[in-house]
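The primary structure of each chain is shown beneath.
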Amino acid sequence: MPEKQRLEFEEVLDKYGQKLFNLMLRLTGNYHWAQDLTQDVLLIAHREYHKFRGDSDVFTWIYRIAVNHHRRQARKMRVRSWLGFEDVSSEVLSTDITAADPAESSERTKVVARAVSALPEDFKETVVLHYFQDQSCEQIAKIMDCSEGTVKSRLWRGRKILAQKLKGYISETGV
Amino acid sequence: MNCQKIEEHLRENPGAPLPRELQEHIAQCPACSLLWREQQALNDILKAFPQVELPAYLGAKALSRLEGRQRVSGKKLLEPGWLTLAAPAMALIVAFTALVMRYEYSHQYADIPNRSVSVQNQGNNNAAPGSVQNKPSNILSQIYPVWPSDQDVVGREDLTIMASLYPDHPGKVQVLLDDIDVSAGSTISRQHIFYDPKSLGAGEHMVRVVLQQADGSYQTASWSFYLLEEPS
Ligand SMILES: [Zn+2]
C-alpha cells in the first residue's frame, strides 16, 4: 500500500475501529465473535481499500462491508449450529469471564443487549445502526443498499418487538 | 384518524418531536399517549446503551498486522478441524445442509438487492429453488453451493469446496476452480461434490459447477470466496 493510502487507511482505522467493533458486538451479541469479525472486516477493507475511490463516503463503504460480512458469518454459524458443530447458545451464555461483554455490566444492559441480538437479522441491523451507531435512516439505506422506506419499516417493526420485550424497563420509567 | 397519524409519525420520523396537532391528540387519546410514551422510553433506553472499548490488539497496531495479512485471534469461536470428519458423516451433513440452503437461498437473497450471486440455473428449468413441480421426470437438478458460500472469507483450515445437487443428478458434472477443471480430483456423487484444493494461494477464487442435464441442457452455478493468509 503506498504511503499516502497507508496514512489514509490508518485514519480510517482510528476513526471507525471502535465503532465497527461495537457494531459487530451488538450484531453478534458475542464478545469473541465480534473481535474475529471486526478483524475480518479490517482485513477485507485493507485489501479492498485501493479500489475505494470515494463514490460513497468511506464510512458507508466500510459499514457495508461489515454488515455483509456479518450476514454471511451469521448464516454459516446457523448452519453449523443446526448441524450440531457449534453450540452457539452455550458460547453466548458462557460464564467465562473473558467472554463477557463489558457493556453488559448491569442487568438492564444485559437484557437490552439480548433483546436486540435476538431480533430478526434485518430488523437488528437497522436498530443497531440507528440507536447504537447514530445513523440516520438515509445513511442506513445507503449502507444496507435498500430504500429509506424499507429502513423505516424495519426499524418500526424492530422497535415494536423491543417495546414488547423490554416492557418491564419501559414501565419503570413511569410509562 | 389521528390515531393513525401518530403511528405514521413514529414510523416515518423516528426520534423526532411530535407536531402540535398530534400533541393535542395524545392529550386526549390514552392509547396514543401510551404508544408515544412507550416509544420515547424505548428511545431513551437504547440511546443510553454504553459503547465498548476496542480491544487493544485491534487498535493502533492493527495496520502493520493487516499488511502481513495476518489474522490473530483472542479465542476462535469457530474451531478448526471439523472438516476432517469421516466421509459418510460428511455426506449426511451436506444432504441436510442442502435442505437448509434451499430455504436460505430463496429466503435470504430475496432481500438483498444488487447482490452479485450467480447461482444461475440455465436450461429449460425456470423453477426457483425450493419450488415444487408436478412431473418428477422433468425436475432438473439444481446446484446448491454449501461451502464456502458466495463471497465468503475463509481461513486455510476451513478450506474445502462443497456443493450439493438436488434432486439427484445422474448425469455429467464438471467442477472448475479458477477456470481450471478439477473434476478428476473431486469426489462427485449424484448428490454431492467435494473438492479439497491442495495448494491454493491466498486471495479471490472462483468455483464453477456445470451439470449436463438429461435433456442435453447445461446448468451452471458459480460463486467466489476469498482465502485468507494465515500466520505461519
Ligand atoms: Zn389516538
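Positions within a chain are numbered from 1, following the residues in the order the chain's sequence is written. The lettering of chains begins at A and the numbering of ligands begins at 1, in the order of writing. Local features are withheld for residues below a pLDDT of 70 in this predicted model, meaning they are given only at 70 or higher, and side-chain atom pairs are given and counted only at 80 or more; totals for whole chains, interfaces and linings count all residues. Based on all heavy atoms of the structure, the side-chain values leave hydrogens and waters out of the count.

A. Spotlight on the packing of aromatic side chains. Note on aromatic pairs: the rings of Phe, Tyr and Trp (six-membered ring only in Trp) are paired at centre separations within 6.5 Å, and the planes decide the class, stacked below 30 degrees, edge-to-face beyond 60, tilted for the rest. Overall, the coordinates contain eight aromatic pairs over all chains when judged by the stated rule. Our definition puts a charge over a ring when NZ of Lys or CZ of Arg is within 6 Å of the ring centre and also within 35 degrees of the ring normal. Its end group placed over the ring of Tyr226(B), Arg47(A) keeps NZ or CZ at 3.3 Å from the ring centre.

B. Region of interest: the confidence of the model for chain B. Residue and element names in this part refer to chain B. Taken over all residues, the pLDDT of chain B has a mean of 73, while the share at 70 or more is 64%. The predictor attaches a confidence to each residue, and that confidence, scored 0 to 100, is pLDDT. We call two residues contacting when some pair of their heavy atoms lies within 4.5 Å. Segment residues 70-88: pLDDT under 50, and 49 contacts once partners within four positions in sequence are set aside and those in other chains are kept. Of the regions scoring below 50 in pLDDT, residues 102-137 engages in 57 contacts with residues more than four places distant in sequence or in other chains. Prediction confidence for the complex, expressed as pTM and ipTM, is 0.62 and 0.86 respectively.

C. Spotlight on helix 3 (residues 30-47) of chain B. What counts as a helix is a DSSP run of H or I of at least four residues, what counts as a strand is a run of E of at least two, and both are numbered from the N terminus. Expected span of a helix, by definition, is 1.5 Å for each gap between consecutive residues, and there is one gap fewer than residues. With 18 residues, helix 3 of chain B extends 25 Å from end C-alpha to end C-alpha; this agrees with the ideal 26 Å at 1.5 Å per step. Those residues of helix 3 of chain B not exposed but buried are Cys32(B), Ser33(B), Leu35(B), Trp36(B), Glu38(B), Gln39(B), Ala41(B), Leu42(B), Asn43(B), Ile45(B) and Leu46(B). Each element contacted by the buried residues of helix 3 of chain B is listed here: helix 5 (107-117), helix 6 (121-132), helix 8 (148-165) and helix 9 (167-172) of chain A together with helix 1 (2-12) and helix 2 (20-28) of chain B. Partly exposed describes any residue whose relative accessible area lies between the buried limit of under 20% and the exposed limit of over 50%, with all areas from a 1.4 Å probe on protein chains only and scaled to the type maximum.

D. Examining the packing of helix 8 of chain A against helix 1 of chain B more closely. Running from amino to carboxyl end, helix 8 of chain A crosses helix 1 of chain B at an angle of 110°, the nearest separation of the two axes being 8 Å. Overall, the two elements helix 8 of chain A and helix 1 of chain B adopt an arrangement that is roughly perpendicular. The segment helix 8 of chain A lies against helix 1 of chain B, with Lys152(A), Trp156(A), Arg159(A) and Lys160(A) engaging Glu7(B), Leu10(B), Arg11(B) and Glu12(B). Classifying every residue of the contact of helix 8 of chain A with helix 1 of chain B by side-chain character gives two nonpolar, no polar and six charged. Orientation is described by axes fitted as lines to C-alpha atoms, over the contacting stretch for helices, and by angles from 0 to 180 degrees between their N-to-C directions. For this classification, under 35 degrees means roughly parallel, over 145 means roughly antiparallel, 65 to 115 means roughly perpendicular, and everything else is oblique. For this classification, the nonpolar set comprises Ala, Val, Leu, Ile, Met, Phe, Trp, Tyr, Cys and Pro, the charged set comprises Asp, Glu, Lys and Arg, and every other residue, Gly included, is treated as polar.

E. Seen up close, the packing of helix 6 of chain A against helix 3 of chain B. Their axes nearest at 9 Å, the elements helix 6 of chain A and helix 3 of chain B cross at an angle of 75°. Between helix 6 of chain A and helix 3 of chain B, the angle falls in the class roughly perpendicular. Along its contact with helix 6 of chain A, which presents His130(A), Tyr131(A) and Phe132(A), the element helix 3 of chain B presents Asn43(B), Leu46(B) and Lys47(B). Here the residues of the contact of helix 6 of chain A with helix 3 of chain B sort into three nonpolar, two polar and one charged.

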